[in-house]
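# Reading the structure
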Amino acid sequence: MHQKLIALDLDGTTLNSDAQITLKTQQTLTELQNAGHIVSIVTGRPNRLSEPFYQQLGLTSPMVNFNGALMHIPGQAWAGEYQYTINKDIVFSLFQLKERFKIQMIAAEGKTMFLADQAYANTFSFFPTTLKSDEILTRESLRQDPAAVTVFVERADQDALRAEILRQFPDGSVNTWGGPASVLEIVHHGIHKATGLAKLAAHYDIDQSDIIAFGDESNDLDMLAYAGTGVAMQNAIAPIKAIADDITPLTNAQDGVANYLRQYFKMD
């Protein structure tokens, strides 16, 4: 068997329309792990929202969160763990920009931290609709540099706010979430999913040509470009399909990842 590293985005890719891993996908990935291949989650989600899927799949590999800013093994102390952070002064600056840019919510997160300046009703359950007292983001509660800062802002104000953030903090990178939510995400400059993927490959001594990566949105672009085989989902945005080496015949709602892998590895 020639070992492969299979890197999986979650939303719009491994997860179906109900944000779940189907039984077929779970069984397929379990079979591949049992055959000796490495399966790893590489996601923009924080670890608090991806560890249940890690456990469901029975993974033992490192997981990459915050679009490459964090790599760790859940529940373990691991020497290869890293977390790239950004200066917490970015958050304090955003407090001053809230009214000018009509910012609706600011959240600061890291491996062991979640803080938000207010609850925010949303349809995708990434953030709680009510906050506990120790989850409220203030100058006093933010004691450490976060791995990522998430900002909900009107789409019409995104470009201007991004420009202002980069003017004040050129060492940061500002990304836009895909999907219906109008969100900016601030991370350490130059950090993206390919950062984590390269470290995963080095950890397992896997050649770049033996990486298969799946994705659907703009934050997957660097990862798919880095992988030996970058696979865009059938439901992926056009720029992702344009740079991909292959495209799944089926969407994430149709077990597109499982279907592709079963054909690729001749499992049926």
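Provided above is the structure to which this section pertains.
Per chain, residue numbering runs from 1 following the sequence as it is written. Totals for whole chains, interfaces and linings use all residues, but because this is a predicted model, local features are given only for residues with pLDDT of at least 70 and pairs of side-chain atoms are given and counted only at 80 or more. Side-chain measures here rest on the full set of heavy atoms in the structure, leaving out hydrogens and waters.

### Description of the nonpolar core
Grouped together as the largest cluster of nonpolar side chains are 44 residues, with contacts concentrated most on Leu5, Leu197 and Phe214. In what follows, residue pairs with any heavy atoms lying within 4.5 Å of each other are defined as contacts. Apart from the residues lying within four places of it in its own chain, the contact partners of Leu5 are Ile38, Ser40, Leu197, Leu200, Ala201, Ile206, Asp210, Ile211 and Ile212. Ranked by size, the runner-up nonpolar core spans 23 residues in total, among them Phe92, Leu115, Val149 and Leu184. For this analysis, a nonpolar core means a set of buried residues of the types Ala, Val, Leu, Ile, Met, Phe, Trp, Tyr and Cys, connected via side-chain atoms within 4.5 Å. Buried residues are those whose accessible area, probed at 1.4 Å on protein chains only, stays under 20% of the maximum for their type, while exposed residues exceed 50% and partly exposed ones sit between those limits.

### Some details on unusual backbone geometry
Of note, Phe66 is a non-glycine position whose phi angle comes to about 50°, a positive value. Put simply, DSSP marks the helices as runs of H or I at least four residues long and the strands as runs of E at least two long, and each gets a number from the N terminus on. Considering the arrangement of structural elements, one finds Phe66 in the loop between strand 3 (63–65) and strand 4 (70–72). Its identity is not glycine, yet Asn67 carries a phi of approximately 55°, on the positive side. Assignment of secondary structure puts Asn67 in the loop between strand 3 and strand 4.

### Focus: the sheet that holds strand 6 (residues 105–110)
For two strands to be treated as a pair, DSSP must find no fewer than two bridges joining them. The strand order 7-6-8-10-9 describes an open sheet built from five strands, whose pairing is antiparallel. On the outer flanks of this sheet lie strand 7 (113–116) and strand 9 (172–176), each paired with one strand and no other. With strand direction ignored, the average angle separating the axes of adjacent strands in the sheet is 20°. As paired strands, strand 8 (residues 148–152) and strand 10 (residues 183–188) are joined by four bridges and run antiparallel to one another. Among the inter-strand pairings, Thr150 is bridged to a residue of strand 10, identified as Glu185. Relative to the sheet, helix 4 (residues 89–101) contacts strand 6, strand 8 and strand 10, its axis offset from that of strand 6 by approximately 170°. Every axis in this analysis is a line fitted to C-alpha atoms, fitted for helices over the stretch in contact. Angles between the N-to-C directions lie between 0 and 180 degrees. Docked against the sheet, helix 5 (residues 158–168) engages strand 8, strand 9 and strand 10, running at close to 170° with respect to strand 9.

### Regarding helix 2 (residues 23–34)
Compared with the 16 Å implied by 1.5 Å per residue over twelve residues, the 16 Å span of helix 2 between its first and last C-alpha is a close match. Residues of helix 2 that are buried include every one of Thr25, Thr28, Leu29, Leu32 and Gln33, and no others. Mapping the buried residues of helix 2 onto a view down its axis gives an arc of 135°, with all of them on the same face. In helix 2, those exposed residues whose orientation departs by more than 90 degrees from the buried face are Leu23 and Asn34. The secondary structure elements touched by the buried residues of helix 2 are strand 1 (5–8), helix 1 (10–14), strand 2 (38–41) and helix 9 (256–264). Gly36, located one to two residues past helix 2, shows a positive phi value of around 105°. One less than the residue count of a helix, multiplied by 1.5 Å, gives the span that helix is expected to have. Working note: the arc is built from the helix axis to C-beta atom directions.

### Remarks on the pattern of salt bridges
For this analysis, a salt bridge means a side-chain nitrogen from Lys or Arg found within 4 Å of a carboxyl oxygen belonging to Asp or Glu. Scanning the entire structure with this criterion turns up eleven salt bridges. Put simply, Glu109 and Arg48 hold a salt bridge, and the shortest N to O gap is 2.7 Å. Remark: Arg48 occurs in the loop between strand 2 and helix 3 (51–56) and Glu109 occurs in strand 6; sequence separation between them is 61 residues. What makes Glu109 buried here is its relative accessible area of 3%. Exposure remark for Arg48: the relative accessible area of 31% places this residue in the partly exposed category. For the salt bridge of Asp159 with Arg162, the shortest nitrogen-to-oxygen distance reads 2.9 Å.

### Considering the side chain of Glu185
If you trace the backbone, Glu185 turns up in strand 10. A residue counts as positive if it is Lys or Arg and as negative if it is Asp or Glu; His and the chain ends are not included. For the buried residue Glu185, which engages in no salt bridge, the nearest side chain bearing the opposite charge is Lys193, 9.0 Å off. A polar side-chain atom of Glu185 sits 2.7 Å from a polar atom in the side chain of Asn67. Here Glu185 is in contact with Gly44, Asn67, Ala148, Val149, Ser173, Val174, Asn175 and Trp177, once residues within four sequence places are set aside. Think of a polar contact as two N or O atoms within 3.5 Å of one another; within protein, one of them needs to be a possible hydrogen donor and the other a possible acceptor, and neighboring residues in sequence only count if both atoms come from side chains.

### So, the packing of helix 4 against helix 5
Closest axis-to-axis distance for the helix 4/helix 5 pair is 12 Å, and the angle between their directions is 155°. Between helix 4 and helix 5, the angle falls in the class roughly antiparallel. Between helix 4 and helix 5 lies a crossing of right-handed hand. Residues Ser93, Leu94, Leu97, Arg100 and Phe101 of helix 4 touch helix 5, and the partners they reach there are Ala160, Leu161, Glu164, Ile165 and Gln168. All amino acids are sorted into three groups, where Ala, Val, Leu, Ile, Met, Phe, Trp, Tyr, Cys and Pro are nonpolar, Asp, Glu, Lys and Arg are charged, and the leftover types, Gly among them, are polar. Of the residues assigned to the contact of helix 4 with helix 5, the class counts are six nonpolar, two polar and two charged. Angle categories are assigned with fixed cut-offs, so that under 35 degrees is roughly parallel, over 145 is roughly antiparallel, 65 to 115 is roughly perpendicular, and the rest are oblique. Each crossing gets its handedness from the near helix: less than a right angle anticlockwise from the far helix is left-handed, clockwise is right-handed.

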